[in-house]
Amino acid sequence: MRSRNGDHYFSRRLCSIILFYSLTLSASEYLISYRYVVKDAILYNESLIVSHAMKKCNGIAYEPLKLENNGSKNLSQIISANHDIFIGYIHKLGLDVQHNEETINAQNKSTTVLTLRTKCFKVDFNDNFAKIAPLK
Amino acid sequence: MKKSLLIALFLSATALLSVETIQGVEDTTGPITVEQAAGDVPTTQMVEPALPSSQNQSIEPLLKEEEELLISVTGQGVAPMNTSSPAQAYALAKRAAVADAYRMIAERVKGVRIDGQDLIKNMMVKRSTVRTSVQAMVKNADIVETTFKEGLCEVEMEITISHADFAQ
C-alpha cells in the first residue's frame, strides 16, 4: 500500500502495529505463589495459588518455561497437566527455607516451610505451548 | 631396712614438693600450660590439645574468590501412612525429602541458630530443651539422584555456589 504522499513505510508500520498488538493481547500476567510444609519428615500441606494480576506488573522477563497447552488458555489447567515440570521450575527459581526444630528431653519435632513469595509471571499463550516467565 | 625407709621418705617428700597446675582446662581449644616446680627451678611447657579425629574430618571447605564450591547433601523424607497408592506415597515422600535437602543446604551455607535451655530442680535435670532454626533462600539446586525404599525417600541434591551469589 502506498500513501498519497508516496510513503512506502506506511504499510510496514501498519503491519508491525498489528503484529505487536496481536502479541501483547495474547500475553497476560499472573501472580503465582507456592508454599509447602513438612512436619517430622512428612509432607503436611502444599498450596499453589495462581491468579490473574489485577494491575500491570513491571519488570523484565527472565528464565522462561514452555509448557504444552493443547489449545487451552487456562493457566491453572496447563500447570496441573504439567505439575511436576512446573514445581521443578519453581524450585529452580528459588525458595525461602524456614526450618524450626525442637528437642525436649530427647524427643524431636521439626517443621520445614518452603515458600515461593508471590511473584508476577508473564504468560504468552500460543497454539501449542504457553511460555511462562517471571518478571524481575 | 633403715635405708629403704629413708628412700621412701625422700621420694614422698619430693612428690609433695612438685606441684602441677594445669590452667585453662575448660577451654580445650587453647593451649594447656603445665607448670612443674621441681625444686627451685619452675619449668613451663606449652601443650597443644589434639582435636578429636571426627572434628578434623568435618571441617567445611572455604569459598574462595574466583572459585566455585560444590555442596552435596542427601535429604530424607517419609511417606504418610494414609496414601491411596504407592505413586502418591512416592510423590509425597520425595517432596518431604527435597525440603530436607533444602534445609541441609541452608544449614551448610548459612549456618544454624541454636538455643538451649535446661531446667534443674533439686539437683536433677527436669527439662532439657534444644531449639534450632535456619532461614535462607536457596535457588538453583539440582536433584542428582532419588531412591525410594520401604517408604523412605532419599534425594541427593547439589548446589554450586560462588562469590557472585552473595554479592549485594
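Reading guide: rules and limits
- Residues numbered from 1 in each chain as written.
- Chains lettered and ligands numbered in written order.
- Predicted model: local features only at pLDDT ≥ 70, side-chain atom pairs only at ≥ 80, totals over all residues.
- Heavy atoms only, no water.
- Helix = DSSP H or I, 4+ residues; strand = E, 2+ residues; numbered from the N terminus.
- Contact = heavy atoms within 4.5 Å.
- Areas by Shrake-Rupley, 256 points an atom, 1.4 Å probe, with all protein chains shown as cover.
- Disulfide = S-S within 2.5 Å.
- Buried < 20%, exposed > 50% of the residue type's maximum accessible area, 1.4 Å probe, protein only.
- Pairing = 2+ DSSP bridges.
- Axes fitted to C-alpha atoms, helices over the stretch in contact; angles between N-to-C directions.
- Salt bridge = Lys/Arg side-chain N within 4 Å of Asp/Glu carboxyl O.
- Patch = residues over 30% accessible without salt bridge, like charges linked within 9 Å, V, L, I, M, F, W, Y side chains within 5 Å.
- pLDDT = per-residue confidence, 0-100.
- Polar contact = N/O pair within 3.5 Å; in protein donor to acceptor, adjacent residues only side chain to side chain.
- Nonpolar A, V, L, I, M, F, W, Y, C, P; charged D, E, K, R; others polar.

Attention now goes to the overall build of chain A. Along chain A, the regular secondary structure elements total three helices and six strands. Helices and strands appear in chain A in the N-to-C order α-β-β-β-α-α-β-β-β. In chain A, the proportion of contacts linking residues at least 24 apart, taken out of those at least 6 apart, comes to 61%. For chain A, the accessible surface area stands at approximately 8,700 Å², while carbon and sulfur atoms represent 53% of it.

Quick look at the state of the cysteines now. Residues and elements named next belong to chain A. This structure, assessed with the given rule, holds one disulfide over all chains. Sulfur-sulfur distance for the disulfide between Cys57 and Cys120 comes to 2.0 Å. When the S-S torsion is 85°, as for the bridge of Cys57 with Cys120, the disulfide is right-handed. In this pair, Cys57 sits in the loop between strand E2 (42-52) and strand E3 (65-68) while Cys120 sits in strand E5 (residues 107-125), placing the two residues 63 residues apart along the sequence. Note on accessibility: Cys57 and Cys120 belong to one class, buried.

The phi dihedral of A:Asn105 falls on the positive side, at around 45°, and the residue is not glycine. We classify A:Asn105 as partly exposed; its relative accessible area is 43%. With phi around 50°, B:Asn122 is a residue other than glycine that occupies positive phi space. Position of B:Asn122 relative to the elements: it lies in the loop between strand E5 (113-121) and strand E6 (124-138). The exposed category is assigned to B:Asn122, whose relative accessible area is 67%.

Let us now look at the sheet that holds strand E7 (residues 142-149) of chain B. All names here are of chain B. Strand order in the open sheet made by the three strands is E4-E8-E7, with antiparallel pairing throughout. On the outer flanks of this sheet lie strand E4 (69-78) and E7, each paired with one strand and no other. Between one strand and the next, the sheet's axes are offset by a mean angle of 15°, whatever the strand orientation. Two elements, E7 and strand E8 (residues 152-161), share seven bridges in a ladder whose sense is antiparallel. Counted as the bridge partner of Glu145 is Glu156 from E8. Packing against the sheet, helix H3 (residues 86-110) makes contact with E4, E7 and E8, and its axis sits at approximately 140° to E4.

Turning our attention to the pairing of strand E6 (residues 129-134) of chain A. All names here are of chain A. Pairing analysis gives four bridges linking E3 to E6, with the strands arranged antiparallel. Counterpart to Leu65 in the pairing with E6 is Ile132. Relative to E6, E5 runs antiparallel, the two sharing five bridges. Considered in E6, the bridge of Asp124 is made with Lys131. Between E5 and E6, which pair antiparallel in sequence order, lie three residues.

Attention now goes to the pattern of salt bridges. Residues and elements named next belong to chain B. The tally for this structure, following the rule as stated, stands at eight salt bridges over all chains. In this structure, Asp100 and Arg103 form a salt bridge, with 2.5 Å as the shortest nitrogen-oxygen distance. On the criterion of helical spacing, the pair formed by Asp100 and Arg103 is a turn pair, its members being three residues apart in helix H3. The exposure classification of Asp100 matches that of Arg103, with both residues buried.

Taken together, the side chains of A:Ile42, B:Val78 and B:Leu152 present a nonpolar region at the surface, about 180 Å² in accessible area. Mapped onto the elements, B:Val78 comes out in strand E4.

On to helix H3 (residues 83-93) of chain A. For H3(A), every residue scored as buried is listed here: A:Phe86, A:Ile87, A:Tyr89, A:Ile90, A:His91 and A:Leu93. Within two residues after H3(A), A:Gly94 carries a phi angle of roughly 120°, on the positive side.

Turning our attention to the confidence of the model for chain A. Residue and element names in this part refer to chain A. Confidence in the prediction of chain A, expressed as mean pLDDT, is 86, and 81% of residues score 70 or more. Ranking the helices and strands of chain A by mean pLDDT puts strand E4 (residues 95-104) first, with 97, and helix H1 (residues 9-26) last, with 57. Confidence drops under pLDDT 50 across residues 21-25; counting only partners more than four residues distant or on other chains, this segment forms zero contacts.

If you look at the interface, chain A gives 26 residues, while chain B gives 30 residues. In this structure, A:Glu46 and B:Arg95 form a salt bridge, with 2.8 Å as the shortest nitrogen-oxygen distance. Summed over the shared surface of chain A and chain B, the result is 15 residue pairs in polar contact (both at pLDDT 80 or more). When contributions to the side of chain A that touches chain B are tallied by element, the ones reaching two or more residues are strand E1 (27-39), E2, H3, E4 and E5 of chain A. Of the residues forming the side of chain A that touches chain B, the biggest block, 10 residues, is contributed by E4(A). Across the side of chain A that touches chain B, the residue classes tally to 12 nonpolar, nine polar and five charged.

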